[in-house]
Each structure stands twice: as structure tokens, then as C-alpha cells.
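Structural features, examined
Chain by chain, the residues:
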Protein chains: 6
Amino acid sequence: MRPSGRNPNDLRKIALTCHYTRHAEGSVLVEFGDTRVICTASIEDRVPPFLKGKGSGWITAEYGMLPRSTHERMGREAARGKQGGRTLEIQRLIGRSLRAALNLEALGERTITLDCDVIQADGGTRTASITGSFVALTLAVHRLLKQKRLKANPLHGQIASVSVGIYKGIPILDLDYKEDSDAETDMNVVMNDAGAYVEIQGTAEGHAFRREELDAMLALAGAGISELMAHQRDALAAAGASI
Amino acid sequence: MRPSGRNPNDLRKIALTCHYTRHAEGSVLVEFGDTRVICTASIEDRVPPFLKGKGSGWITAEYGMLPRSTHERMGREAARGKQGGRTLEIQRLIGRSLRAALNLEALGERTITLDCDVIQADGGTRTASITGSFVALTLAVHRLLKQKRLKANPLHGQIASVSVGIYKGIPILDLDYKEDSDAETDMNVVMNDAGAYVEIQGTAEGHAFRREELDAMLALAGAGISELMAHQRDALAAAGASI
Amino acid sequence: MRPSGRNPNDLRKIALTCHYTRHAEGSVLVEFGDTRVICTASIEDRVPPFLKGKGSGWITAEYGMLPRSTHERMGREAARGKQGGRTLEIQRLIGRSLRAALNLEALGERTITLDCDVIQADGGTRTASITGSFVALTLAVHRLLKQKRLKANPLHGQIASVSVGIYKGIPILDLDYKEDSDAETDMNVVMNDAGAYVEIQGTAEGHAFRREELDAMLALAGAGISELMAHQRDALAAAGASI
Amino acid sequence: MRPSGRNPNDLRKIALTCHYTRHAEGSVLVEFGDTRVICTASIEDRVPPFLKGKGSGWITAEYGMLPRSTHERMGREAARGKQGGRTLEIQRLIGRSLRAALNLEALGERTITLDCDVIQADGGTRTASITGSFVALTLAVHRLLKQKRLKANPLHGQIASVSVGIYKGIPILDLDYKEDSDAETDMNVVMNDAGAYVEIQGTAEGHAFRREELDAMLALAGAGISELMAHQRDALAAAGASI
Amino acid sequence: MRPSGRNPNDLRKIALTCHYTRHAEGSVLVEFGDTRVICTASIEDRVPPFLKGKGSGWITAEYGMLPRSTHERMGREAARGKQGGRTLEIQRLIGRSLRAALNLEALGERTITLDCDVIQADGGTRTASITGSFVALTLAVHRLLKQKRLKANPLHGQIASVSVGIYKGIPILDLDYKEDSDAETDMNVVMNDAGAYVEIQGTAEGHAFRREELDAMLALAGAGISELMAHQRDALAAAGASI
Amino acid sequence: MRPSGRNPNDLRKIALTCHYTRHAEGSVLVEFGDTRVICTASIEDRVPPFLKGKGSGWITAEYGMLPRSTHERMGREAARGKQGGRTLEIQRLIGRSLRAALNLEALGERTITLDCDVIQADGGTRTASITGSFVALTLAVHRLLKQKRLKANPLHGQIASVSVGIYKGIPILDLDYKEDSDAETDMNVVMNDAGAYVEIQGTAEGHAFRREELDAMLALAGAGISELMAHQRDALAAAGASI
């Protein structure tokens, strides 16, 4: 039924390549099938003005797509002179989601910026970005601990994200671009390792969705996120930064 | 328990003043307690480039806050030279929600722009904007029907929106500013008159929310939106534009 | 002769509703007939860089029109990414006019920002804005005096403004939109309560105006401004902030 | 009494050098004492969108200051990414003033752009710009007539401008920078050769000005503008483009 | 002598991975040592306004760096709202260089946009971008030929680029970041396969360079570019797109 | 052979008018034939953030063209809201070139900004700007020495610049606009008085240039720059600021 031949509850092939670039304190290439995003975590020893002198750190995120990460070339946001509404919305979502993983006071007066740059897009770039950013953030925090710049681990939870939707009347997990274009409903779910919700953003594209459809989608999301968390733990363990 | 003395399932005082300004094809002042928003619907006989020649209309929305609608004066977005991420996010949400109320083909090659300008803010400006915009949109469509510029009513559903949240551990309806600032979870729900969901946007501000909390919030939202729809019908009937 | 049936020396119906919104230190809804403007005065305990440490305060103004305050919807300046020349010119005029009412040294190192937002436009928005801003400013200063944050009243004059013009060859007072569109000359006059001029801005739209026309217009303006000042005093007295 | 030793009714040394640059259809270097402005008139065979197909031409103006035309270096507007309010206000004034000199229908579907670039500033740059722009415009129109691209002269009047003010209590003509900085009132007057007013912009910098002061300033302006018009006629005659 | 242990005339390890992403008509990952750039070529069937209807195609380029491609995180140009001078300079250079490889008339009314996005920076990003862009452009042209959208190959030359410099008094080839930071002179050379120069941009960072130093640098560049061209031919042959 | 009748190795008529404007610490009108540029040097007692507290000064440059300095009117960069890539590239080049003339430490914590504004363009505006800027800079430094704000002269070299190119197959010196438009190669060379190169920027417009063509162009440039330096010395000597 699905264009890719997947079962409704199948994730795409997931890959998390740690230390993908060398300069960032944490970096990972995350792949959800053909969707590929570079996530880097950059540590800076300063905080935004609204936090100055309050003894708290900050996590923020920026998101971008290479102009030809998509089927048709998109205009480059730097050349157009501003980031679009979709970009701002996604980077605000990534930032909020990751702040839910970490005790900002325990981080000290530092900012960690998560840059999520989409190299190739095939649907689900925001959920891949959140899932990858958690890994990059963990790598950066691990480095601070190893360098003894932090005494205690400020991370208090694991965060991952996946999309679910209603496609041809059937609830499905982890939509690719073709499915996303035709879906009646599209929902992005961010959860922690206690099975609680950090963000739910559901949008009816075609017709409004009913309560039983919502329940089915949430069940798929919960199972999918558990799988993604196993991938995160494996990748981090292989990189010597177990959580 | 609530700062305002309301019960958990109480809306604030709701008021919808139709024909609040004279130039717009549809206009309404919507009040959710001390939150006051002017919503206008403007009809133009052209569509955005991506719809040209396709025989379909378009609904779009813009949102703004007067600089001193808030406790502290905010910088004016026009003076800063760009709309912030929150503004873009809200106006995208309003536009999507209202498009779910209407058959765009039946509208013909017209654009209806919903302008939501917050005169005074006390929490819930986006849900008030959506609820008011539906009324302004209906007034504008009614005028097109009366002028025989439209033969059939393109509206196929009623749309309203309310916020729900977890405040001091209790699920509550229609958060005001004080509650919103302290809420552990904040969720905006947009529904239609068939009781189905158009948008759900839930964010854990403090700790992640559990499934039973989600269920309780959705129940509150459903009841609140039913009440709001009665207010919408009453206001429209009084303005001679029953739906 | 006038489209509204007014005599050449008639103002429109004037209304000044004090405390129109609740957050601002001073707020008023000013109505010159169908022209409606919300004026708020916001006090901040800092001054612009060029005044830092000089023991002087500052008065500044910002002006905006809701997109559908006009007959045709105008593009939103925040969305276009800049304020137009007309907007900048008007807000500079409002700021200069109000600074003429007040001793900036006596204000102390504070900035009062006057926000004038046009809810509905029917000509004369800048003169209504100045007239309303004086009321909002007085309310804000009154609050500082009442809170004993100021010992002496820094206001040393009353300021109001009205437009005059030549319409079908006849000098008239307080032009509405229809008159303004057809006027041969349009002049905005700002005066103080000593009958002296703070600003005169006269523009020949059709043919240049002669000295005797200028004299007739100035006479109309003087009488109109006296009437407006009586309205200001009444509104302030009713709000408990007599000048 | 005046820092320059001039009498109250003296203009500074006026010079108008026609054909100052070679590419523009009309160009002039205008000097009011140490204030030097290059004015060019550029003809283009198209009109702005709002005039397309209406058989009318357009006159518009742009104004700029070289960064070091002033005592202290100012930031370059191109580098700051926008023109300031003062610049926009001045170029709107120049455009309106020159449109009053010419029958736009008789110009045909053409735009003439007047660029006024201040090489050196010593007060009165806007009045010098208007006075010089009239000369550049006339040169450009003369060329159209000579090339038989126009059959009849669309110019129907001569336009010039000067500043007047109250300095140490005395009305004076054509303020230089030192006088302008200390003036209690500053007024820019634009007149035509019939002695009628095209623009009057008077601003009380210190205290409000009284009616008799206004009258004295207008008398000075009238005499000064007559002198400026003689300079314009001489310069144009010398350039073979008499009016 | 060189920090990397290379001889003065050694290139870094060069790699060109064709078809690195799937959506673009041509794509390559180019590596000059630790410098990694994704180059994509996107074909669009339209030309910029200045070429419309002239029967000629166009080649243009855009360049960007991921915020954490560098040692310290740089601000994202899209977030800052404009591309910096360095970025504009580099993308103009890439565009000019590639236009020298191809007959624009033979391309037909098409635009090929080369996007060069730096994933990781270690010096020489502009020379890597030009060298990689030639490969991406060739892949895109090859596809047009294979699809019979082009009858004849519009490419008439091979283009590659390398940097040379004077480091501690010695002329060296292909500077990495450490060398670049300390070099007295830095020169970027773009050549074609006939051994002629397309661009030479030499800058004295420390002291001015003498004629014999220039000669030595040009000799190194010529030899380095020959080697790079062999890498280009090998990569294209392996990808089935020999030139 | 050349449109102007010049020999291949002839400069245009060169003029350097010192003290062209009165406010700047150094100013000059530089003319290369019909190309006329005002160069001013402005001294400010502060440095950019990256140099604060390092005991070093800074030289920077800005470049602009009056809208009608060219054959066709160009849009004003201040009105378009940004400086184009060509402008940024040229001002970066001017800044780098002049920094090569001066010991920044010896300048002390000062910034000298060179503003190059093109009054009339006929090719070679960037080389005229560099050549004129050296004179303006020297005048400004001379004033600092005379005022004893500097003890030792921080200038350690003389800098001038000229263009060379291949026109109809022949190497020529100092291209005017007509030659520049048709040239096959265009190269800008900046040298010091020791005959060494500060910048070489050569671009093949038509076909790539060969080594012997490069050699011939460099020989022409060297001779031309010697002549320009004599003009610089003469102008400075006449202005009482010998180097």
C-alpha cells in the first residue's frame, strides 16, 4: 500500500554517523531513508542577553536546507535576505524539544547551538533533525564532562521524534515525501524516554481527523520513537558517549 | 485555584462584536476576557502566483500585536524590519485553520485575507484570532452571496479554537496570561463542528505530559469549543449572517 | 457644499476615550468622525544612546495603520520589511510636536513612547494622532506624579493639531478622506495653548496657494484647535488628570 | 549679528553650474555658500505601475549625502541597508515640489528622476536641492524639445526654495549650519514665479513661533526666492535653455 | 617545513565523489584534504531577465558555508539577513570561472546554477568549489545530452583552480587553513586545459610580492591544476560522463 | 586603434585636486580622463570591535556610485536596501590595498575610513579610487602629524593602481569604458613604490589569456603606475604634504 512497500508501522532505514565533521563539539549525520541531515552542536561560553548573570545556560537551534536538497531547487534563504516562516517554525521546535532534555542551570553560563542542515530531503526533515540533534548534543555534553568543564551531567532525558499520518485512510509511521504530499493528516511527535510527550503538532491537510485516528497515530509514534531511541543509544555507545 | 477564580472548565467572558470597523468586507472585535483582537476579512479578486489560472481561491492570514498590547512595550515589527518567528508561526496557523472551513474551488479566483491585530493581550491571542477570524470570514462570504458574486456558499464547516493546559497539576481551559506563564503544558486545539481536529499543538513547558493528561486536556477543549461555536452562531445571527 | 454637509468651519464629531487599553501608562481612543486612532504612552526608565548620562528624558513616537483601516487593504509594513516614507514622516512629526509640550530635563532619564495605531482611517490621521497623543502623554505624566516618581510637572503647554485645506476654492477645517482626495491644498497645523505655532506643513496638491488663502486657513486652524483643546481638557478632567 | 556677517535678508553666494556631469540629460552643481549639491535629471521612457497606460508622465526625486559631506562622518545609508526618515522626507518634498512645475500629461509616458547628492553640507541642503533640481529638470525638458520628442513645453512654472528662521529673536534668510543649529524656528518655503506657495514647512525647534514671526519669515522667503529665480534664469540662459 | 609535512609542490589528498546527492542534475562532493564542499548543478528552463529572448543560456553560482564548517561557529547568513562581501565575491568568481568553460549560446535558454556549500573548511574552499563545480556542471550537461535536450556539447574547455602562496618565504601549492593564516601572499588561479588563465587573484597579506615570486607561484599553480584536471577526468569517467 | 586615439601605453589625462571638500581630514577629486571620483579620508578615535584594546589602528573603505554617474541611471543602493556584490568587492579591494601602505600599529587606536564616491564613470573607477585614496590618506596622516597627534609617520610606502587589458588582441593601459566593454581580458594591478605587487586581479572576459599576454600587461601596468605615482607626489607637494 505504501509507495515504498513498507508496512504501516515500519520506520525507514535509520543511520546515525557520529563525528561526521571535525570542528564541532558534537556532530552527526542522521539519515531517515533518503532524508539526510547534518546536525552539529557548538558550545560557546556566553548566554543570550536575557539570561546574563542568571547562572543558567541555553540551548538554541538553527535549521536550513541546501538549495538543491529538494526535487526542485529552492531559493537560498541567505540570498533572499530572510528565513521563511517554515524555517523559523522548525528551528523553534527543535530548540524547545532539546531544552526539554537538559537542565539548563546545570549547564552553567554556556550556549549550545544545534545547527541542522538538510543535505537531502525526502520528508521528515524536522523529526530527523530533532533525533539527530539529541545525539550531537549528547556528544558535546560528553566532551564537557570529559574535559571536566562540567561536574555533573545536565542531560536528564532522551529525546527523539517521528512523524505519523493518515495516508489513504490508514495510519502510518515515518512518512516519506511522496506519502507526506498525499497525506490527509500529518503529525509530528516528540517524546522522552519516559514515554511522555514533549511536543505534539498535528495538522489536518485534507479532512479533519477524528479522535480514534489520533489515538492510532499516537500509538504508532510511541513505538517508532522507542526504536529511534535504540538507534541513538547504539550510535552513542559506538562513539564512546553512552547515556 | 485559578488566579481569576474560574473553575477548570470555565471559559473567560466571550464577546464577538460584528462590523467593528467599516471598510473591511467582514470585521469583528473578539474578546476572550481581557484579550481583545480585531479580525478583518478583506476580499481581493486575485490569487497568489501559485494558484493563477487554476480556478481556485485562497485564504491567508496576517497577525500583529500593537506594541503596547502587552505588559511591557514590545518593539514594533515594522520598525525592526521583520516579523518574528512567533508571528509567522501564528499567522500560518490561522491561515491553515480557516482554509479547513471552506471549499477553495467554490470561492473562485479570489483571496480573502484575515488580519488579526491584537489590541490588548492577556493570553490566548491565537485561539481568539482563529475564533474571531471564522466570524469575519463568514461575514465576508455572506456579503459575496448577497451581492450574488457567489452562487453557493463555499463554507462547509464551522471552526473555533481554544487553549488548554496543565496548571499546578490540574487540566484547565482557556488560559489567561498569568496561567500561561506558569503552565507546565500549553496546548492549542482547533476543531470543526463535527467534533474533529483541524490542528493540535501541544508543548510541554515544564515537564513532559503523559497520555492521561493529554486525554483530559482534549476533553476540556472539546467542551470549550462547543461553547465558543454557540457564541459565534449567536453573533452571526445578530449580524444577519446566520450559518 | 462639503460632502458631509458640514460648514467650512465645522470640526467632525470629536471623541476622546481615556484608559482605552489597560497595560499602557496612558491610553486613549481618539475619534475625529470616522477616523479612529489608539494612542498609548509607554514609560521606560532609559534614554536613547545620544542622551545617556545627560540628565534629560526623551519623547518619541511611532505610527502605524492596520492593513484594513483603509478602503482598500494596504500591505502590512511589518511583512514588507520596512516602514514607508509617509509613516516615518508622520511619526517624526508626532514626536517633534509632543516634545514641544514638555520640559525634557524635568522628565528625568526616562523615555515616553507614543504609539499611534490607526484602527479606521477617514482622513486626518496625523492630526488625530497628535491630539490624542497629548492626552495619552498627560495621563502617563499624571501617573508619574501620583506615584511620586516625578516631583514637578514637566508639561508646560497643551498641544493639539488639525488639518485645513482649500476645497473647491473654499477654505475648510478638518478634512475627511473625500475632501482630502479632492483638495487643492492641504495643511496640517500644530499649535500650543498660547496660540503659537509648533508646526505648519502646507502642501499645494493642485495649484499653488496664495497668501490670502494661507491667512484664511490659519484662521480656521486656530479656531479649530481651540475647540480640540477644550475636548482634551474635558476628557482629562473626566479621567481625573486635569492639566 | 549673523556668524557669517550677513544681513538678515542676505542670501549666501549662489552658484549654478550647468552640465556639471556628462551622462545625465540635465545636470547642475548648485552652491548655496558652502553647501554643494549635484542635481541630475534622468529621463526614462516608462512610468511607475500606478500610471501605466494612463497617458501621464511622472517626476520623482532621490536624495543622498556623501558620508563625509558633514562635519562628522555619517554612516552610509547603502551600507546600513535603508534610507533614514529624514532622507525619505526630503526626497518626497523635492518630488512634490517639482511636480508642481510641470504638466505631467504633457510630459507623455516618461519618468524624470531628480537625483540630489550632497557633496558638502552647510545647512539648507533641501532648499538648494529643490532650486538646483528645477534647473536640471529644465535642461532635460529642453533636450526633449530640441530632439522633438516633445512638441510643447510641459513646464508651466518656475520653482525655487529657500529656508528662513528665527535666530536670536531675529527673522533671517537662508540659514547656514551654525545658524540652523541654534535657530528657534526653521521654515522651508517653496514658491513659484507667480508668488504663490507650493510648500511651507515650519518647525519650532525652541519655542513656538507667533503669527507676526511667521509673517516676517514669509516676507523674507518671498524676496529670497525672487533672487534665486533670477540666478536660475541666468544660469539657464547661459546654458542655452532659457525658460 | 609545511605544518602538514607536504612538499611545497604537493596538493592535498584530492577526492571527487560524483552523484553525492540524488535530486540535482549534477552533484559531487569535492575534498581537498579536510576541506569538503558539496557542489550541485541545477538546470532550469529559464534565463535571467537581461537574457530573455536572446537565445543564450546562463551559468550562475551561489556559495555558502555551514555555520560550523569552521573552527569557531560563524553566524548563519540567512539569519543575519544578508550574504557577506566575502560570500558575494566568491560566488561571483565561481560563476565567471565556469562561464569560461561553456558556450552559452549552445546551452539554449537554460540556466544552470552551481551551489557550492562548504561542509567542512580547512582553507581553499573557493578553489575546491570551482574544481568541483566543473565536475557537477559536466554531469548536468551530460544528462542534457543523454536526454537529447541538447544536440551538441556546449562545453569547450576544462576548468580547475588551485591556490598558491608565499609561506615563510617559500612558494607553496594548495594552502591549508594554517598556512593560509600565516601566508605573506595568497593567490587563487583558475586555468583551462590549454594552460591559459581564466582568473588570477593575488593578494599580498604581509609584504608586497616581487615579480620572481609571482613567476614561481604561477609555475606551481600550472602544475597543480594539471593534476586536478586528471582527478576530474578520472571521476567523470568513473561516473560515465567522460569529457 | 584605441577609440580615444591613445597609444597602447598611454594613460588618460590624470588630475588630482587636493582639499576638494572641507570637512574631511583628507579629500581629493581624482580624474582619470572622464572618470571622476571624490575620495575622502575620515579619522575617528576608535577601532572596530575585533581590534579593541590591541593597540592597533584600522583602515577601511567604502565605495559608491551616484545613480547617474553612468550612461544609464542605476538604482540607488541605499534605496534598494543593500550594496551589490560589485560594490562590496571593490571596497574590500580598496581597503586591503591601502592597509598595505601603512603600519597599523603606528597609527594608534584610530580608524581612517576612505570614502570613494564616483561622480562620473568612464571605466577604471576602482583604480582611480585606490590612486586617489592614497592621496586622501596621506593628507589625513599629514594633519595628524602636524597636530602632533602622531609622532612618527605610519606610512611606509606609496600605493597606486591602474587597469590593463587585451583589446582587439593588443595589450593596452588604463582602459576607458568603451575599451573595457569590448576587452578580452581586464586586469587591475595595485603596486607599491618598490615595484612590488599588492594586488593582481585578472579576469578573462572573452578567451583565456596566455602567459606572454600576462607578461605584457604587467609591464604596461608597472610603467603606468610609475607615472601615477609622480602625479600623486606632485599633487601632495602642491598641497604641502610631501611624502
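Nothing here was measured: the structure is a model prediction, and the numbers come from that model.

Regarding the overall build of chain A
Looking only at helices and strands, chain A features six helices and nine strands. Against the compact-globule benchmark of 18 Å for 243 residues, chain A has a radius of gyration of 18 Å, which places it among compact chains. In terms of overall dimensions, chain A has a C-alpha envelope of 50 × 40 × 35 Å along the principal axes. Across the 243 residues that make up chain A, the buried fraction comes to 63%. In chain A, of all internal contacts separated by at least 6 residues, the share reaching a separation of at least 24 is 69%. Counting only carbon and sulfur atoms, one obtains 48% of the accessible surface of chain A, whose full area is about 8,900 Å².

Quick word on the relation of the copies chain E and chain A
Laying chain E over chain A is done by rotating through 180° and shifting 0.0 Å along the axis; what remains is an RMSD of 0.0 Å. Here the copies are linked by what is in effect a two-fold axis. Considering only C-alpha atoms, the part of chain E nearest the rotation axis is E:A78, at 1.8 Å. A share of 100% of the interface residues of chain E reappears at the interface of chain A, consistent with the copies meeting face to face through the same patch.

Focus on the environment of B:Q201
The residue B:Q201 is located in strand 9 (residues 197-204) in this model. For B:Q201, a relative accessible area of 10% gives the class buried. B:Q201 sits 116 residues away from B:G85 along the chain, and the two C-alpha atoms are 16 Å apart. When sequence neighbours within four positions are dropped, the list of residues in contact with B:Q201 reads A:I200, A:Q201, B:L93, B:R96, B:R126, B:D186, B:M187 and B:N188.

Comments concerning the interface of chain E and chain A
Many structure descriptions define interface size as the accessible area lost when the parts assemble. Contact with chain E, which involves 37 residues of that partner, is made by 37 residues of chain A. Interface of chain E and chain A: buried area, both sides summed, is about 3,000 Å²; carbon and sulfur atoms make up 46% of it. Across the contact surface, chain E and chain A share 14 salt bridges. Measuring nitrogen to oxygen at the nearest pair gives 3.1 Å for the salt bridge that ties A:E62 to E:R73. Residue assignment for the side of chain E that touches chain A shows that the elements contributing at least two residues are strand 3 (35-44), strand 4 (58-65), helix 1 (77-80) and strand 5 (111-120) of chain E. Residues that form the side of chain E that touches chain A fall into these classes: 13 nonpolar, twelve polar and twelve charged.

Some thoughts on the side chain of D:Q83
Inspection of the secondary structure puts D:Q83 in the loop between helix 1 (77-80) and helix 2 (85-99). Polar side-chain contacts of D:Q83 include one of 3.5 Å to the side chain of D:Q91. Residue contacts for D:Q83: discarding those within four places in its chain leaves D:Y63, D:E77, D:L88, D:Q91, F:R76, F:A78 and F:A79.

Section: the packing of aromatic side chains
What the rule picks out here adds up to twelve aromatic pairs over all chains. With centroids separated by 5.6 Å and ring planes inclined at 35°, the aromatic side chains of A:F209 and B:Y197 adopt a geometry described as tilted. Placement of A:F209 in the loop between strand 9 (197-204) and helix 6 (211-238) and of B:Y197 in strand 9 is noted, with the two residues assigned to different chains. In terms of burial, A:F209 and B:Y197 fall into one category: buried. The ring of E:Y20 has A:R36 sitting right over it, with the charged end atom 5.0 Å from the ring centre.

Some points on the UniProt feature "binding site: phosphate" (unreviewed entry) in chain A
All names here are of chain A. As recorded in UniProt, the sites labelled "binding site: phosphate" (unreviewed entry) are R86, G124, T125 and R126. Annotated residues spanning 41 residues; largest pairwise C-alpha distance 13.3 Å, indicating a single compact cluster. Within the element layout of this structure, R86 appears in helix 2 (residues 85-99). Taking relative accessible area as the criterion, R86 reaches 31% and is therefore assigned partly exposed. Its location among the elements puts T125 in helix 4 (residues 125-146). A polar contact is formed between the side chain of T125 and the side chain of Y63, at a distance of 2.6 Å.

Description of the packing of helix 4 (residues 125-146) of chain C against helix 6 (residues 211-238) of chain C
To characterise two packed helices, one gives the angle between the axes of the helices and the distance between these axes. All names here are of chain C. Two elements in contact, helix 4 and helix 6, have axes whose closest approach is 10 Å; the angle formed by their N-to-C orientations is 30°. Overall, the two elements helix 4 and helix 6 adopt an arrangement that is roughly parallel. Of the two possible hands of crossing, helix 4 and helix 6 adopt the one that is right-handed. Facing helix 4, whose interface residues are T131, F134, V135, T138 and L139, helix 6 presents L228, Q232 and L236.

Quick word on the UniProt feature "domain: Exoribonuclease phosphorolytic" (unreviewed entry) in chain A
Annotation from UniProt places "domain: Exoribonuclease phosphorolytic" (unreviewed entry) at residues 11-140 and 158-222 of chain A. Secondary structure within residues 11-140 of chain A divides into 30% helix and 31% strand; the distance between the first and last C-alpha atoms comes to 27 Å.

Describing the sheet that holds strand 5 (residues 111-120) of chain D
Paired through their backbone hydrogen bonds, the strands of a sheet run either parallel or antiparallel. Residue and element names in this part refer to chain D. Across the sheet, five strands lie side by side as 1-2-3-5-4; this open sheet has mixed pairing. This sheet does not close on itself; its edge strands, each paired only once, are strand 1 (14-18) and strand 4 (58-65). Across the sheet, the mean angle from the axis of one strand to that of its neighbour is 20°, orientation sign disregarded. Note that strand 3 (residues 35-44) and strand 5 share nine bridges and pair antiparallel. Among the inter-strand pairings, C39 is bridged to a residue of strand 5, identified as C116. In the packing of helix 4 (residues 125-146) onto the sheet, contacts are made with strand 1, strand 2 (26-32), strand 3, strand 4 and strand 5, and the angle to strand 3 comes to roughly 35°. Relative to strand 1, helix 6 (residues 211-238) is tilted by about 25°, and along the sheet it contacts strand 1 and strand 2.

Comments concerning the arrangement of the chains
Without any contact between them, chain C and chain E keep their closest C-alpha atoms 11 Å apart. With no contact between them, chain B and chain F keep their nearest C-alpha atoms 11 Å apart.

What about helix 4 of chain C?
The α-helix advances 3.6 residues per turn, and as a result positions three or four apart in sequence lie on the same side. All names here are of chain C. A rise of 1.5 Å per residue sets the reference length of helix 4, with its 22 residues, at 32 Å; its end C-alpha atoms lie 31 Å apart and thus fit the reference within 8%. Judged by how many residues are buried, helix 4 sits mostly within the fold: 18 of 22 residues are covered. At the C-terminal side of helix 4, K148 shows a positive phi close to 60°.

Quick notes on unusual backbone geometry
Phi is positive for A:D174, which is not a glycine, with a value near 60°. Positioned with a positive phi, D:K148 is a non-glycine residue whose angle comes to about 60°. Inspection of the secondary structure assignment puts D:K148 in the loop between helix 4 and strand 6 (159-167).

With respect to helix 2 (residues 85-99) of chain F
Residue and element names in this part refer to chain F. Spanning 15 residues, helix 2 covers 21 Å between terminal C-alpha atoms, matching the ideal 21 Å at 1.5 Å per step. The element helix 2 is largely enclosed, with a buried count of twelve among its 15 residues. Within helix 2 the residues assigned to the buried category are G85, T87, L88, E89, I90, Q91, L93, I94, G95, R96, S97 and L98.

With respect to the sheet that holds strand 9 of chain A
Strand order in the open sheet made by the eight strands is 7(A)-6(A)-8(A)-9(A)-9(B)-8(B)-6(B)-7(B), with antiparallel pairing throughout. Every other strand in the sheet has two partners, leaving strand 7 (170-173) of chain A together with strand 7 (170-173) of chain B as the edge strands with one partner each. Direction aside, neighbouring strands of the sheet carry axes that sit 15° apart on average. Inspection of the sheet shows strand 6 (residues 159-167) of chain B paired to strand 8 (residues 185-192) of chain B by eight bridges, in the antiparallel sense. For B:A160, the partnering residue across the bridge sits in strand 8 of chain B and is B:M191. Where helix 2 of chain A meets the sheet, it contacts strand 6 (159-167), strand 8 (185-192) and strand 9 of chain A together with strand 9 of chain B, and its direction lies at approximately 150° from that of strand 9 of chain A.

Basis of the calculations
- Residues numbered from 1 in each chain as written.
- Chains lettered and ligands numbered in written order.
- Predicted model: local features only at pLDDT ≥ 70, side-chain atom pairs only at ≥ 80, totals over all residues.
- Heavy atoms only, no water.
- Helix = DSSP H or I, 4+ residues; strand = E, 2+ residues; numbered from the N terminus.
- Rg over C-alpha atoms; globule rule 2.2 N^0.38 Å.
- Buried < 20%, exposed > 50% of the residue type's maximum accessible area, 1.4 Å probe, protein only.
- Contact = heavy atoms within 4.5 Å.
- Areas by Shrake-Rupley, 256 points an atom, 1.4 Å probe, with all protein chains shown as cover.
- Least-squares fit on C-alpha atoms with pLDDT ≥ 70 in both.
- Buried area = accessible area lost by both parts, 1.4 Å probe.
- Salt bridge = Lys/Arg side-chain N within 4 Å of Asp/Glu carboxyl O.
- Nonpolar A, V, L, I, M, F, W, Y, C, P; charged D, E, K, R; others polar.
- Polar contact = N/O pair within 3.5 Å; in protein donor to acceptor, adjacent residues only side chain to side chain.
- Phe/Tyr/Trp six-rings, centres within 6.5 Å; stacked < 30°, edge-to-face > 60°.
- Lys NZ or Arg CZ within 6 Å of the ring centre and 35° of its normal.
- UniProt positions renumbered as here; feature names shortened; annotations may be inferred.
- Axes fitted to C-alpha atoms, helices over the stretch in contact; angles between N-to-C directions.
- Parallel < 35°, antiparallel > 145°, perpendicular 65-115°, else oblique.
- Left-handed = near helix turned anticlockwise from the far one by under 90°.
- Pairing = 2+ DSSP bridges.
- Expected span 1.5 Å × (residues − 1).

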